[in-house]
Amino acid sequence: MRLCLHLVTSSWWRWRAGEHVDYSGYSVLPMAIAYDAVALFAPWPAPSAHHDRPHGHWYPIFTLHNVDAGFAPVRVEYRYDSEVDDNGELALRAVPLTAAADNDTDDDDDGAIAVHDAAATRWSRYFVAALRGVVRHFGVALHEQPRRWAVTVHGSVPVGSGLSSSASVTCAYVAGLARVLAPQRAPFDKAELAALAAESERSLGVSLGGMDQAISFVASRHSASLIHFRPRVLAAGVRLPRGASFVMANSLVAHELQGHAAGAGYNQRVVECRLAAAVLAKRLALPHWERVRRLHEVQEALAPSPHEWHAPERAAAVAHDMVSALERAAHLVRESELAGLETLADVARVLELGSPAHVAKLYCAELLPPDGGDLAPSHTFRLHDRALHVFEESARVWRFAHLCAAAANDRHDTTTTDDDDDDEQLSATLGLLMSASHRSCRELFECSCPELEAVVAELQARGAAGARLTGAGWGGWAVALLPPSCDVPAFIAGMQRDFYEPRLRSLHASASPAELRTLLDGAIMASTPGEGAYLYVASEHGQ
């Protein structure tokens, strides 16, 4: 017997410069840390050939287990009838795995599987989405696969934290599935897998930009990554300030995009940015303006982005050119009629493409009622504020990256006696950019919440150079930049004692002292850059 194990780890990102700009086509500056999603793929006994089985039957291809006992094991099956469903999609389903089904090694549809339970299998939707994406992208025929696989997954960041736990686990699934279902395509391009993971998550109903998936694959130790999305995912390392520390602080409010209020808010922002791009493109009389969907297309028409953005010797000039271009785009927003367009009816009137219902079908698919109805003409938007945030936030990304790169170059070129003062000043300047980002997220993009505001205010009051929400907002975590002179352990201990302990005692009244200590340790932590995803394959021969 030949045992072949495939272990995939995918990092979580914890901090980024550039909130809500990736889906408008703009670069971001995230980093990842050493908290992983780990997926282990191990083969089952080889099944009998499916091509001799009747069409219309469901056949198992994967079992999915989570180390966290709170997630019930699942069996993922496909239907063998040209492997498509009524919508032309790959016919897949996830069903709870009963003890009888777990011991079942043949392919008969013998009733051992429990009746489909959407709640019990909800956690597996990321795996099913990744499987669908890998099969489509690599042209995999499931009925020709020589073996089935048992997959065990573990993630070390809490679900609902807003730290892209879903992106990390989807990336681990995509990398593992590509390796076991399409091994002939190895070695795999990380940018290609990142794009595939993003597309897989988008199929679940949220119009993600791709930053989370990109950093999960391309992150490098000791640095953040300046990630560009056009024409494909490219990344350049950016050294962070020497001596400064980043601290992550939990708002204690869960964040989840699929199927919750945060998801509706997220998709609303995507649509608002798309509509703003169309209105601005029409105002500029761009050729085929009605096809413009992203704000970066408007900025490119005003002032094209430099192509040498990733060349180190051009870093300063590129940053200057990008900031100038983005400032011109922000000025266009301020001078435009966007502020007066408050409803779908207002937007339809300006675009002159037909009725509000027709405009909604063209630009607002994410907001349309699931029953096929129309979006109300009175549906409200804030196009001016969303577009202004995107352009100004993107400029902050380039300023942040340039300041870090310039400081790293100065340390290479010269040695001075006032390095400590320079590091303190750099942290203060970067902190101002972070705080400006948070104000924009709160006031222009409206993606904060009272709990995030409370933790950001506390971080700043205790001496952080800057603090802001991270992970799209609507709950989740905040990040703070602490200057080199800050005593980080004392800072964290003070936050735990004065800010978190009263709140956690209220939320977990029955927690024991040991349980409370665990909650406190998980509520706030220092963060350093970690590695991106990697794949380990182990084979051994034996009985």
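Now for the overall build of the protein chain. Within the protein chain one finds 16 helices and 13 strands. Taken over 543 residues, the protein chain has a buried fraction of 54%. Looking at the protein chain alone, contacts between residues at least 24 apart form 73% of all its contacts between residues at least 6 apart. Of the roughly 22800 Å² that the protein chain leaves accessible, carbon and sulfur atoms contribute 53%.

A few words now on helix α9 (residues 315–335). Helix length check: α9, at 21 residues, gives a terminal C-alpha distance of 30 Å against a target of 30 Å (1.5 Å per residue), a fit within 8%. Looking at α9, one finds that the buried residues are Val 318, Ala 319, Met 322, Val 323, Ala 325, Leu 326, Ala 329, Ala 330, Leu 332 and Val 333.

Turning our attention to the pairing of strand β4 (residues 74–79). Most of β4 sits out of view: six of its six residues are buried. Because side chains alternate across β4, one face comprises the buried residues Val 74, Val 76 and Tyr 78, and the other comprises Arg 75, Glu 77 and Arg 79, equally buried. Sheet topology places strand β3 (residues 58–66) next to β4; six bridges connect them, and they run antiparallel. Residue pairing in the sheet places Tyr 59 in a bridge with Tyr 78 of β4. The pairing of β4 with strand β5 (residues 92–96) spans five bridges and is antiparallel. Within β5, the residue paired with Val 76 across the bridge is Ala 94.

Moving on, we come to the packing of helix α15 (residues 488–507) against helix α16 (residues 513–523). Where α15 contacts α16, the two axes come as close as 10 Å, and the packing angle between them is 125 degrees. Judged by the inter-axis angle, α15 sits oblique to α16. As for how α15 packs across α16, the hand of that crossing is right-handed. Facing Gln 496, Tyr 500, Glu 501, Leu 504 and Arg 505 of α15, the residues of α16 in contact are Leu 516, Arg 517, Leu 519, Leu 520, Asp 521 and Ala 523. Split into classes, the residues belonging to the contact of α15 with α16 amount to six nonpolar, one polar and four charged.

Before going further, it helps to spend a moment on helix α10 (residues 344–351). Burial analysis of α10 places six of its eight residues in the buried class, the great majority of the element. Those residues of α10 not exposed but buried are Leu 344, Asp 346, Val 347, Ala 348, Val 350 and Leu 351. Where α10 terminates, the next one or two residues include Glu 352, which has phi positive at roughly 55 degrees.

Here we take up the packing of helix α8 (residues 295–302) against α9. With their axes 9 Å apart at the nearest point, α8 and α9 run at an angle of 105 degrees to one another. The pairing of α8 with α9 is recorded here as roughly perpendicular in orientation. Between α8 and α9, the contacting residues are Val 298, Gln 299 and Leu 302 on the first element and Met 322, Ala 325, Leu 326, Arg 328, Ala 329 and Leu 332 on the second.

Turning next to the sheet that holds strand β11 (residues 477–482). Across the sheet, which stays open at both edges, the four strands sit in the order β10-β11-β9-β12 with antiparallel pairing between neighbours. Each edge of the sheet is formed by a strand with only one pairing partner; in this case those strands are β10 (466–470) and β12 (524–527). With strand direction ignored, the average angle separating the axes of adjacent strands in the sheet is 25 degrees. Relative to β12, strand β9 (residues 245–250) runs antiparallel, the two sharing four bridges. Counterpart to Ala 249 in the pairing with β12 is Ile 524. Of the strands in this sheet, β9, β11 and β12 are in contact with α15, which crosses β12 at around 160 degrees. Docked against the sheet, α16 engages β9, β11 and β12, running at close to 40 degrees with respect to β12.

Per-chain confidence: the protein chain averages 84 in pLDDT, with 82% of residues scoring 70 or above. Confidence drops under pLDDT 50 across residues 99–116; counting only partners more than four residues distant or on other chains, this segment forms 34 contacts.

Okay, the nonpolar core next. Phe 381, Val 455, Leu 459 and Tyr 500 are the most contacted members of the largest nonpolar core, which totals 116 residues. For this core, the element with the most residues is helix α12 (residues 383–413), which contributes twelve residues. The contact partners of Tyr 500, leaving out residues within four places of it in the chain, are Ala 249, Asn 250, Leu 252, Val 455, Met 495, Leu 520, Ala 523 and Ile 524.

For the structure shown, the criterion picks out eight aromatic pairs. Both rings, one in Phe 71 and one in Trp 123, keep their centres 5.7 Å apart while their planes meet at 55 degrees; by these two values the pair is tilted. Residue Phe 71 is located in the loop between β3 and β4, and its partner Trp 123 is located in the loop between α2 (118–121) and α3 (125–138); the two are separated by 52 residues in the primary sequence. Within the aromatic cluster, the residues linked to one another by ring pairs are Phe 62, Phe 127 and Tyr 173. Seen from the ring of Phe 499, Arg 503 lies directly overhead, with NZ or CZ sitting 3.7 Å from the centre.

Rules and cut-offs
Residues numbered from 1 in each chain as written. Predicted model: local features only at pLDDT ≥ 70, side-chain atom pairs only at ≥ 80, totals over all residues. Heavy atoms only, no water. Helix = DSSP H or I, 4+ residues; strand = E, 2+ residues; numbered from the N terminus. Buried < 20%, exposed > 50% of the residue type's maximum accessible area, 1.4 Å probe, protein only. Contact = heavy atoms within 4.5 Å. Areas by Shrake-Rupley, 256 points an atom, 1.4 Å probe, with all protein chains shown as cover. Expected span 1.5 Å × (residues − 1). Pairing = 2+ DSSP bridges. Axes fitted to C-alpha atoms, helices over the stretch in contact; angles between N-to-C directions. Parallel < 35°, antiparallel > 145°, perpendicular 65-115°, else oblique. Left-handed = near helix turned anticlockwise from the far one by under 90°. Nonpolar A, V, L, I, M, F, W, Y, C, P; charged D, E, K, R; others polar. pLDDT = per-residue confidence, 0-100. Core = buried A, V, L, I, M, F, W, Y, C linked by side-chain atoms within 4.5 Å. Phe/Tyr/Trp six-rings, centres within 6.5 Å; stacked < 30°, edge-to-face > 60°. Lys NZ or Arg CZ within 6 Å of the ring centre and 35° of its normal.

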